[in-house]
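Geometric and topological summary
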Amino acid sequence: MGLFISFEGVEGCGKTTQLEMLREHLEWKGCQVVAVREPGGTELGEKIRGILLNIDTEGLAITPWSELFLYAVCRAQLVCEVIKPALGENKIVLCDRFADSTVVYQGYARGLSLQAIADINKWVTEGIAPDITFIMDCPPEVGLKRAMARINNIAEGKKEDRFERENIDFHKKVRDGYLRLAKEASTRIKVIDGGRGIPVIHKEICDIIEKKLEAMGKRK
Ligand code: Z5A
């Protein structure tokens, strides 16, 4: 089987930046890499992503349970259509958010049943879990500032999404939730200090992955 790596963290923590840098590094080494994001990564998932991130600007209401199930639909499709086949072909899968996001956002932050979320995740992931998860840890204030600066730098059209409009307490619950998960799954989850410069963080992530590939006997 291949290697499944997920990236997690609060809004604007830098996970997408680091995922892309790791992808380039691994491809440069000659590895076969598949990079996807959640919600999204499939035709159906990208359509649902549009709904999830912009629903209130379109004047529609969504309950926390409805939100949870839409994320679950995206995950079921992504696992079946992309992740499972890619791992079966011995590829390295990089995923921008995965099941931990639901535990943290819909569980710890929105307050839905953690047991129900665990059960739903078990069904939709078909038992597939990341081998390594990087939590890019930084105070939510720092992440939100970066996210807002990025929005302001985009010339036209891009507005805050629903999560960017949540209050700071919500984002603090998200960060605390991630740190709690990291304690519970300390072998799988690596907490990375995301408050540092981009190249330093990239090097730390590459070192961890190099060691993992070496241990798997897949170093190229
Ligand atoms: N969600 C959920 O509720 N339940 C679920 O099950 C799932 C998701 C799967 C997805 O939105 C939302 O869905 C997410 C949780 C929820 N919302 N929130 N919060 P998204 O994918 O659009 O948003 P995001 O996941 O938070 O990603 P993001 O805003 O794109 O941020 P990021 O990936 O963490 O950061 P980035 O794009 O790499 O960097 C942001 C900016 O900071 C950018 O300009 C970078 O150049 C800059 N940056 C990056 N690293 C650094 C460092 N180290 N220093 C300085 N500046 C940096």
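To keep things clear, this report deals only with the structure shown in the data block. These numbers come from a predicted model, not from an experiment. (Residues numbered from 1 in each chain as written. Predicted model: local features only at pLDDT ≥ 70, side-chain atom pairs only at ≥ 80, totals over all residues. Heavy atoms only, no water.)

1. Some words on the sheet that holds strand 1 (residues 3-9)
Spatially, the 5 strands line up as an open sheet ordered 2-3-1-4-5, and their pairing is parallel. Unpaired on one side and paired on the other, strand 2 (33-37) and strand 5 (189-193) mark the two borders of the sheet. Pairs of neighbouring strands in the sheet enclose a mean axial angle of 20°, with direction left out of account. Relative to strand 4 (residues 132-137), strand 1 is paired through 5 bridges, and the arrangement is parallel. Bridge assignment links F7 to a residue of strand 4, and that residue is F134. Set on the sheet, helix 4 (residues 99-109) makes contact with strand 1, strand 4 and strand 5; between it and strand 1 the angle comes to about 25°. (Pairing = 2+ DSSP bridges. Helix = DSSP H or I, 4+ residues; strand = E, 2+ residues; numbered from the N terminus. Axes fitted to C-alpha atoms, helices over the stretch in contact; angles between N-to-C directions. Contact = heavy atoms within 4.5 Å.)

2. A word on the packing of helix 4 against helix 7 (residues 168-184)
A pair of packed helices is characterised by two quantities: the angle between their axes and the separation of those axes. At a closest axis distance of 9 Å, the pairing of helix 4 and helix 7 adopts a crossing angle of 125°. Classed by the angle they form, the pair helix 4 and helix 7 counts as oblique. For helix 4 against helix 7, the interelement crossing comes out right-handed. Contacts between helix 4 and helix 7 pair D100, S101, V103, V104, Y105, Y108 and A109 from the former with F170, K173, V174, G177, Y178, R180, L181 and E184 from the latter. (Parallel < 35°, antiparallel > 145°, perpendicular 65-115°, else oblique. Left-handed = near helix turned anticlockwise from the far one by under 90°.)

3. Some thoughts on the site of the ligand
Around the ligand lies a shell of 26 residues, among which E11, T16, T17, R97 and T102 are the nearest. A distance of 2.6 Å is found between an oxygen atom of the ligand and a side-chain nitrogen or oxygen belonging to R97. At 3.3 Å from a nitrogen atom of the ligand is found a side-chain nitrogen or oxygen belonging to R146. Within the complex, 85% of the 1100 Å² of free accessible area of the ligand lies under protein. Considering every element that reaches the shell around the ligand, the biggest residue donor is helix 4, with 4 residues. (Near = heavy atom within 4 Å. Polar contact = N/O pair within 3.5 Å; in protein donor to acceptor, adjacent residues only side chain to side chain. Areas by Shrake-Rupley, 256 points an atom, 1.4 Å probe, with all protein chains shown as cover.)

4. Topic: helix 7
With 17 residues, helix 7 ought to run about 24 Å at 1.5 Å a step, and its terminal C-alpha atoms sit 25 Å apart, in line with that. Turning to helix 7, its buried residues are F170, H171, V174, G177, Y178, L181 and A182. In a view along the axis of helix 7, the buried residues occupy a sector of 135°, so they form one face of it. Where helix 7 begins, the capping side chain belongs to N167, and its oxygen is found 3.1 Å from the backbone nitrogen of D169. (Expected span 1.5 Å × (residues − 1). Buried < 20%, exposed > 50% of the residue type's maximum accessible area, 1.4 Å probe, protein only. Arc of directions from axis to C-beta.)

5. Quick word on helix 2 (residues 43-54)
The end-to-end C-alpha distance of helix 2 is 17 Å, a good match for the 16 Å that 12 residues give at a rise of 1.5 Å each. Regarding helix 2, the residues found buried are G45, I48, R49, L52 and L53. Seen along its axis, helix 2 keeps its buried residues to an arc of 125°; they face one direction. Of the residues in helix 2, the exposed ones pointing more than 90 degrees away from the buried face are E43 and K47. Where helix 2 is buried, its residues contact strand 2 and helix 3 (64-88).

6. Topic: the packing of aromatic side chains
Counted by the stated rule, this structure contains 4 aromatic pairs. A ring pair is formed by F7 and F134, whose centres lie 5.4 Å apart and whose planes are at 40°; its orientation type is tilted. With a gap of 127 residues between them, F7 in strand 1 and F134 in strand 4 connect regions that are remote in the sequence. Residue F134 is classed as buried on the basis of its relative accessible area of 0%. The cationic tip of R75 hangs over the ring face of F98; the distance from NZ or CZ to the ring centre is 5.6 Å. (Phe/Tyr/Trp six-rings, centres within 6.5 Å; stacked < 30°, edge-to-face > 60°. Lys NZ or Arg CZ within 6 Å of the ring centre and 35° of its normal.)

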